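Residues per chain, in single letters:
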Amino acid sequence: MFEVSQYTFVAAMVALGVGLALYVINVFGPRGVRALSFNTGGTQESDSFSSAMKTAGRYGTILSVNAFGFLTASLIARWIAAGHGPFSNMHEFSVAFAWGTMGIYLYFEQQYHARSLGLLVLPIALGMLIYASTLPDDMQPLVPALQHEFLLSVHVAVAIGAYGAFAVGFGSSILFLVQQKKSMSWLPERTTLDEIGYRSVMIGFPLMALVIILGAVWAEIAWGRYWSWDPKETASLVTWLIYGGYLHARVIRGWRGERCAYLLLLGFAATMFTYFGNYFLGGLHSYG
Amino acid sequence: EFRIVGRVWHFFTSVRLALILIFAITAAVFAGTMIDHVPPSVRSDPAAYSQWLSRVEGTYGVFPTKVFDFLELFNVFRTLWFRALLGLLTVNIIVCTLNRWKGIWRTAFPPRIRMTDAFFQHARFNARYVLNEPAEAAAVTVRKGLKHARYRVSTEAGEGSVALYADRNRFSRFGTFVSHLALVLILAGTVVGGMWGLSDPEFIVPEGMTRDVGLGTDLSVQLEHFTDEYYTEGPPKDFRSDIVILKGGEEVKRGTVRVNSPMTYDGMKFHQSFFGQTAVMAVKTKEGTSLYDGPVPLAWQTREGNRPVGNFTLGSENLEVWVIGPKSGENDPLVPAGEMRIEIYESSSGALRTATNLSQGTEHDVSGLNFTFVREGRFTGLSVVKDPGVKIVWVASALMIIGLVMLFYMPHRRLWASCKEMPDGKTEVRLAMTGQRDSQVIAEFERVRQRVGKELRGRHAKDEPEQGGNHV
Ligand code: HEM
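Owing to the predicted nature of the structure, the values given are computational and were not obtained by experimental measurement.

1. Things to note about the overall build of chain A
When helices and strands are counted, chain A shows eight helices and zero strands. Taken from N to C terminus, the helices and strands of chain A fall in the order α-α-α-α-α-α-α-α. Classification of the 288 residues of chain A by burial places 54% in the buried group. For chain A, the proportion of contacts with a sequence separation of at least 24, taken over those separated by at least 6, is 81%.

2. Section: the confidence of the model for chain A
Put simply, chain A has an average pLDDT of 86, and 89% of its residues get 70 or more. Within chain A, helix H1 (residues 2–40) of chain A has the poorest average pLDDT of any element, 79, and helix H6 (residues 190–223) of chain A the best, 94.

3. Concerning the nonpolar core
If you look at the biggest cluster of nonpolar residues, it comprises 89 residues, and the most contacted ones within it are Leu16, Leu71, Tyr105, Phe108, Leu117, Val168 and Phe205 of chain A. With residues near it in sequence (within four places) discarded, Leu117 of chain A still touches Tyr105, Phe108, Val168, Gly171, Ser172, Leu175 and Ile196 of chain A. Counting residues in hydrophobic clusters, the runner-up holds 26 residues, among them Ala138, Val142, Val162 and Phe445 of chain B.

4. Side note on the interface of chain A and chain B
Taken together, the 39 residues of chain A in the interface contact 40 residues of chain B. Each partner contributes to the roughly 3300 Å² buried at the junction of chain A and chain B, and carbon and sulfur atoms together form 66% of this total. When the buried surface of chain A facing chain B is broken down by residue, Pro144, Tyr226 and Trp229 of chain A rank first, second and third, together holding 20% of it. Linking chain A to chain B there are one salt bridge. Applying the counting criterion to the chain A and chain B interface returns 14 residue pairs in polar contact (both at pLDDT 80 or more). Residue assignment for the side of chain A that touches chain B shows that the elements contributing at least two residues are H6 and helix H7 (231–253) of chain A. For the side of chain A that touches chain B, a count of residues per class yields 29 nonpolar, five polar and five charged.

5. Observations concerning H7 of chain A
Structural remark: α-helix, 3.6 residues per turn; residues separated by three or four positions point the same way. Between the first and last C-alpha of H7 of chain A there are 31 Å, a value that for 23 residues agrees with the 33 Å anticipated at 1.5 Å per step. Following H7 of chain A by one or two positions, Gly254 of chain A adopts a phi angle in the positive range, close to 70°.

6. Here we look at the packing of helix H5 (residues 149–181) of chain A against H6 of chain A
Residue and element names in this part refer to chain A. Orientation of H5 relative to H6, taken along the N-to-C sense of each, is 155°, at an axis distance of 7 Å. The orientation of H5 relative to H6 falls into the category roughly antiparallel. For the crossing formed where H5 meets H6, the hand is left-handed. For the contact of H5 with H6, the per-class residue count stands at 24 nonpolar, ten polar and two charged.

7. What to know about the environment of Ile204 of chain B
All names here are of chain B. Position of Ile204 among the secondary structure elements: in strand S4 (residues 198–206). A residue is classified by how much of its surface remains accessible, and Ile204, at 13% relative accessible area, is buried. Not counting residues within four places of it along the chain, the set of residues in contact with Ile204 comprises Arg211, Phe274, Pro297, Ala299, Phe379 and Thr380.

8. Some remarks on the packing of helix H3 (residues 90–112) of chain A against H5 of chain A
All names here are of chain A. Between H3 and H5, the least distance of the axes is 8 Å, while the angle of their chain directions is 55°. On the basis of the axis angle, H3 is oblique to H5. Viewed along their axes, H3 and H5 form a crossing whose handedness is right-handed. Between H3 and H5, the residues in contact are Phe93, Ala96, Phe97, Trp99, Gly100, Thr101, Ile104, Tyr105 and Phe108 and Val156, Ile160, Gly161, Tyr163, Gly164, Ala165, Ala167 and Val168, respectively. Grouping the amino acids of the contact of H3 with H5 by side-chain chemistry returns 13 nonpolar, four polar and no charged.

9. Points about the site of the ligand
Around the ligand sit 21 residues, and of these His248 of chain A together with Cys96, Arg100, His180 and Leu183 of chain B come closest. Chain contributions to the surroundings of the ligand come from chains A and B. In this structure, an oxygen atom belonging to the ligand sits 3.5 Å away from a side-chain N or O atom of Tyr198 of chain A. Between an oxygen atom of the ligand and a side-chain N or O atom of Thr176 of chain B, the distance comes to 3.4 Å. Among the elements that make up the shell around the ligand, the one with the highest residue count is helix H6 (residues 80–108) of chain B (six residues). A class-by-class count of the residues in the shell around the ligand yields 15 nonpolar, five polar and one charged.

10. Concerning the coordination of the iron atom of the ligand
Protein-derived coordination of the iron atom of the ligand comes from His248 of chain A (NE2) and His180 of chain B (NE2), at a distance range of 1.8 to 1.9 Å. The site at the iron atom of the ligand holds six donor atoms, and with the angles between them running 84 to 180°, its shape is octahedral. Of this pair, His248 of chain A sits in helix H7 while His180 of chain B sits in helix H9 (residues 175–196), on two different chains. Take His248 of chain A: its relative accessible area is 39%, and that puts it in the partly exposed class.

11. Some details on the sheet that holds strand S13 (residues 308–314) of chain B
Residues and elements named next belong to chain B. Taken in spatial order, the five strands make up an open sheet running S12-S13-S14-S15-S16, and their pairing is antiparallel. Two strands bound the open sheet, and with one partner strand each, they are strand S12 (300–301) and strand S16 (352–359). Pairing between S13 and strand S14 (residues 319–324): six bridges, direction antiparallel. Residue Gly310 lies in a different strand from S14, and its bridge partner there is Val323.

12. Quick word on the sheet that holds strand S5 (residues 210–212) of chain B
All names here are of chain B. In space, the four strands of this open sheet follow the order S5-S6-S7-S8, with antiparallel pairing throughout. Each having just a single partner strand, S5 and strand S8 (250–258) make up the two edges of the open sheet. Pairwise comparison of adjacent strand axes, ignoring direction, gives a mean angle of 25° for this sheet. Bridging between S5 and strand S6 (residues 219–230) involves three bridges; their strand directions are antiparallel. Residue Thr210 lies in a different strand from S6, and its bridge partner there is Gln222.

13. Some words on the pairing of strand S1 (residues 125–131) of chain B
Residue and element names in this part refer to chain B. The buried fraction of S1 amounts to six of the seven residues, a majority that puts the element mostly inside the structure. Bridge analysis of S1 against strand S20 (residues 427–433) gives seven bridges, and the strand direction is antiparallel. Within the sheet, the bridge partner assigned to Val130 lies in S20 and is Glu428.

14. Some words on the environment of Val24 of chain A
Residue and element names in this part refer to chain A. Position of Val24 relative to the elements: it lies in helix H1. We classify Val24 as partly exposed; its relative accessible area is 38%. Ignoring any residue separated from it by four or fewer positions in sequence, one finds Val24 in contact with Gly29 and Leu119.

The rules behind the values
Residues numbered from 1 in each chain as written. Chains lettered and ligands numbered in written order. Predicted model: local features only at pLDDT ≥ 70, side-chain atom pairs only at ≥ 80, totals over all residues. Heavy atoms only, no water. Helix = DSSP H or I, 4+ residues; strand = E, 2+ residues; numbered from the N terminus. Buried < 20%, exposed > 50% of the residue type's maximum accessible area, 1.4 Å probe, protein only. Contact = heavy atoms within 4.5 Å. pLDDT = per-residue confidence, 0-100. Core = buried A, V, L, I, M, F, W, Y, C linked by side-chain atoms within 4.5 Å. Buried area = accessible area lost by both parts, 1.4 Å probe. Salt bridge = Lys/Arg side-chain N within 4 Å of Asp/Glu carboxyl O. Polar contact = N/O pair within 3.5 Å; in protein donor to acceptor, adjacent residues only side chain to side chain. Nonpolar A, V, L, I, M, F, W, Y, C, P; charged D, E, K, R; others polar. Expected span 1.5 Å × (residues − 1). Axes fitted to C-alpha atoms, helices over the stretch in contact; angles between N-to-C directions. Parallel < 35°, antiparallel > 145°, perpendicular 65-115°, else oblique. Left-handed = near helix turned anticlockwise from the far one by under 90°. Near = heavy atom within 4 Å. Donors = N, O, S within 2.8 Å, 3.2 Å for Na, K, Ca; no water. Tetrahedral: all angles 85-135°; square planar, octahedral: opposite > 155°, others 65-115°. Pairing = 2+ DSSP bridges.

So, in structure tokens, the structure goes:
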């Protein structure tokens, strides 16, 4: 089982890498082709080229769905091999992070058909997988503090959902800012990007609330205190409050677009700080 | 005085105030997280506190330490001003929410049912059909379609026309209240915990001993056995304490406390928190009178060398004895394995009288007394907590999630319809929906339109509806 999880992990990484290359062709290809056909004056060729671009996009999606499938298999295999949810060290967290990001991204791609979003979000997932592959992947048994099967799995599963949603919000806000600077026909419209950002917070904000609550429930069971201002706790609270600020700015102040996009960038910076926080903050969460 | 109340009210309706408060709280939390915390027991003892301060001066510098101390930053989460900020934010949230109540109440309940033609023409989402039947019959059909789409419908019949208003998930509007109420309750829960809660995060019981819990209770805890187990790979597998809880000296409960599985008695919870080594010491006078016989928990670490250390006093001799164990996992030149080092101080002056190493099981004459390091043992460190605010916090947490789900996943949708007979006897049916220009609202309108369209077509197959939806 452990080998199965390793093979599927590598397969996921390769599929995602190739898929991502196809996304690049799909998104940037038509522009290159247009430039080319302008020079040669040939329309015949450019037609077959642009259909090739579309095919590239389709296969890109198929590959990233496959990568998601492989990674799911890898997680399940590791779960079986370890006998507990594979969420006990930084390697496992990072694989889970990539998984959540890919899952939520694919949902958004299916909803909005915006592969250009994938150009920003999928590299985050790929980066997490590469990062995970540099960490020792041997399975460690659970130390006493983590021995709460249910809470460990749910707490982390919900967290990666929230992180994935915030990664999508990050991608959409970057695209928004690019689009703002110089209007590009191959990017989704700005209102769509703004909406994607908002929807990502609609998913991420309640999930993050749940992460914090589940963490508090767990801390209460393990240490008798539901809140200890532990650095990771505090960082996730601050992250949540930033996204809360985003929601309030929209509802109360009617903010849309650019300022919202900057808030989402700030939010994702806080998310990454929360994720890697145990490296430079220590505290009760330092199981890395 | 009504004006004053009005002003105060107005002051608290300000969103800017909320932002300032949230910013201040965030800054305080940030400071509180980055700066060392003084343990409560040290803070309440002026001498210990000034000693603690002089130690952190080494880390932060003399002046910053003075500033931090002045602002109580070493103890932020327990200070009055931090709680005052939380209190102000609470009032702010309550007032803001109440202030919105009227507007929200209005949108949640059936508003005007009959809308103008202009409204139907200009609504962001609209559709139009023409039917070959009277307005009343058309209205029944439209109503059926809306009901199928799970909308709640109210109608208002008029002269040759019927107006309809339909909505779903109107309670969603209260999601804002529910989630803000949750925030207030969470803050309330922490205050209740702070005022009526009891806790000792470092309750130490050596093996074989019974210790009083204190905290105003007559409970005591006896540790029968502490066990730490390790996986063959090295990491810890299990820490558990077999304990007996006594009330007024009578056994009332017995069991095993593990990390992640605390024991509860009468609202008081006992959590496995830490553990360590004890040195069982025996001290006698030259004449053989026993002055001390029992375990000394080595619960602290020496500043240099990080050796486990603990102390006990010999009251009759006016002496304080510090017991220092060997560093774990390495060869310690100062305290070789199997030995304990003792340092004897005079309680009154604090002067060091003598220091020496004791090997296990042999009697040593030190400073006119007879010392024996009998054997090593274990102690358990329990965290003892009683927090009546926890339940409030859990209820509030559930409300928070419920409120957010209501807001985001059950959005309130509102729709108006009008069935109006035209001079030629046909009936014009119009639908209009308000809402954000976003794909979910578009999809929802599409869904409703199809439902209603299906009903209309079902009755009048040959009458193709004229579709006018211009959703921009
Ligand atoms: C950290 C604390 C807070 C959280 C987590 C929070 C959460 C929320 C949420 C989730 C919404 C709904 C957003 C939406 O409909 O999309 C909201 C709306 C709102 N909040 Fe807060 N809130 C907080 C503090 C405050 C405070 C202190 C005030 C008072 C100034 C306030 C005033 C409002 C108002 C006026 C609305 C709009 C209500 C509406 O349009 O229905 N909030 N808040």
